[in-house]
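# Observations on the model geometry
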Amino acid sequence: MKMNPVTTRSFDTGLLARVEDAGLNASAPPQQRWVDGWLLRFSPGKAKRARCINPVAAGRRPVPDKLAACQAVFDAAGLPLIVRITPFAQPAGLDTQLESLGLCRFDDTRVMVLEALDDIVPPSLPDTMELQQVGLEAFCQRIGALRGSPLAQRQAHAQRLAQSPVPFSAFELKVDGEVLACGQFALEDDLVGVYDVFTAEPARGRGLASMLCAGLLARARELGARHAYLQVDRDNRPARTVYHRLGFADGYAYHYRTRDPDAA
């Protein structure tokens, strides 16, 4: 399996393929369709995973023809055409072909994997802190407010979670009654994906994200999870430091391509 340039641990490729499938399932929006082996998603939400082309299979039509058909779908949805390129993208050589067609590369992202959850220790929280589960609608409003997301993106996020083919569990970390960090996980068989980890800007650097993530993983392990994955921007060093300390390592990389400079 050819990978993008990235420092990786030697994970079983079967596990990485399962992680990719789980990530696709966890990010599935109601707005999606297939075009000759490519999975098109066109949700108006913030997550690019839910508003891009995932070239899952090679199909039969030439790439330029498929791009033209996909462009019509994204134009109708009022969204820029974006293609997500992973080590699993088809047909072979697609990334090079898209570059030759003028699609620019952006958002280099790492899929980090924790092969076993055995060493995860639940956080020991002081009396001033509380980790509690919240409803998905409330979570989308909370993290949207922390991020400064517009209402349409919050609503699209809530819709995607409500109709997800895999169950999500959302949590808030409160300090003296104030929500300072939040995150959620998606559980599929023995795989848990950690999503939407966010710490309020004034509270960063206090170890809240580490405690939150340890709490999420410990709860997922109680529900049967054995392996974990997450997706993080390559240049997000603070977050990557937290995940490395928890035992995560880079499994593979992906990026996006588009002709629209505003999308990048």
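Here the structure is shown first, and the text comes after it.
Not measured: the values here are computed from a predicted model. (Residues numbered from 1 in each chain as written. Predicted model: local features only at pLDDT ≥ 70, side-chain atom pairs only at ≥ 80, totals over all residues. Heavy atoms only, no water.)

Secondary structure assignment for the chain yields seven helices and eleven strands. A globule of 264 residues ought to have a C-alpha radius of gyration of about 18 Å, and the chain, at 19 Å, matches this closely. Considered along the principal axes of its C-alpha atoms, the chain spans approximately 60 × 40 × 30 Å. Counting every position in the chain, which comprises 264 residues, the buried fraction comes to 51%. For the chain, the share of sequence-separated contacts (at least 6 apart) that also reach a separation of at least 24 residues comes to 71%. (Helix = DSSP H or I, 4+ residues; strand = E, 2+ residues; numbered from the N terminus. Rg over C-alpha atoms; globule rule 2.2 N^0.38 Å. Buried < 20%, exposed > 50% of the residue type's maximum accessible area, 1.4 Å probe, protein only. Contact = heavy atoms within 4.5 Å.)

A separate point is empty space enclosed by the protein. On inspection of all chains with the given rule, the structure shows two cavities of 30 Å³ or more. Of the voids in this model, the largest cavity is the one considered here, and its volume is about 60 Å³. By residue number, the principal contributor to the lining of the largest cavity is helix H1 (residues 13–26), which donates four residues. Of the residues in the lining of the largest cavity, the class split is five nonpolar, four polar and three charged. Roughly 30 Å³ of volume is contained in the second largest cavity. (1 Å grid on protein atoms, 1.4 Å probe; cavity = no way out; pocket = protein on both sides within 12 Å on 5 of 7 lines; lining within 4 Å. Points joined across faces, edges and corners; volume = space filled by probe spheres on them. Nonpolar A, V, L, I, M, F, W, Y, C, P; charged D, E, K, R; others polar.)

We now examine helix H6 (residues 208–222). With 15 residues, H6 extends 21 Å from end C-alpha to end C-alpha; this agrees with the ideal 21 Å at 1.5 Å per step. Within H6, eleven of the 15 residues are buried, leaving the element largely enclosed by the surrounding structure. Buried residues of H6: Leu-208, Ala-209, Met-211, Leu-212, Cys-213, Ala-214, Gly-215, Leu-216, Leu-217, Ala-218 and Ala-220, and no others. Just beyond H6, the residue with positive phi is Gly-224, at close to 110 degrees. (Expected span 1.5 Å × (residues − 1).)

With the rule as written, the count across this model stands at zero disulfides. Cys-104 carries a free sulfur, and the closest cysteine sulfur to it, the one in Cys-52, is 17 Å from it. The thiol of Cys-213 is not disulfide-bonded; the next cysteine sulfur, from Cys-182, is found 11 Å away. (Disulfide = S-S within 2.5 Å.)

Quick look at unusual backbone geometry now. Here the residue pair Gln-90 and Pro-91 is connected by a cis peptide bond, since its omega of 5 degrees sits within 30 degrees of zero. Along the chain, the position of Pro-91 falls in the loop between strand S4 (82–85) and helix H3 (94–100). Residues other than glycine seldom take positive phi values, yet Asp-107 does so here, at roughly 55 degrees. Residue placement: Asp-107 occurs in strand S5 (residues 104–114).

A few words now on the layout of surface pockets. In this structure, the largest pocket spans a volume of roughly 1,300 Å³. Together, 46 residues line the largest pocket, and Arg-147, Val-197, Phe-198, Gln-231 and Asn-236 are the ones closest to its centre. Mapped onto the lining of the largest pocket, the elements with two or more residues apiece are S5, helix H4 (136–147), helix H5 (151–162), strand S9 (191–199), H6, strand S10 (227–233), helix H7 (237–245) and strand S11 (249–258). Top element by residues in the lining of the largest pocket is S9. It accounts for six residues. Considering only residue class, the lining of the largest pocket consists of 20 nonpolar, 13 polar and 13 charged.

This brings us to the environment of Ile-82. With respect to the helices and strands, the residue Ile-82 is situated in strand S4. Distance in space between the C-alpha atoms of Ile-82 and Arg-105 is 9.9 Å, their sequence separation being 23 residues. Excluding its chain neighbours within four sequence positions, the residues that come into contact with Ile-82 are Lys-48, Arg-51, Cys-52, Ile-53, Phe-106, Tyr-256, Arg-257, Thr-258 and Ala-263.

Inspection of the secondary structure assignment puts Asp-176 in the loop between strand S7 (168–175) and strand S8 (178–188). Residue class for Asp-176 comes out exposed when judged on its relative accessible area of 62%. The spacing of Asp-176 and Glu-130 is 46 residues in sequence and 8.4 Å in space, taken between C-alpha atoms.

For the rest of this paragraph, the subject is the pairing of S11. With respect to burial, S11 is a largely interior element, ten of its ten residues being buried. With four bridges joining them, S4 and S11 adopt antiparallel strand pairing. Residue Ile-85 lies in a different strand from S11, and its bridge partner there is His-255. Bridge analysis of S5 against S11 gives eight bridges, and the strand direction is antiparallel. When the bridges of S11 are listed, Cys-104 appears paired with Thr-258. (Pairing = 2+ DSSP bridges.)

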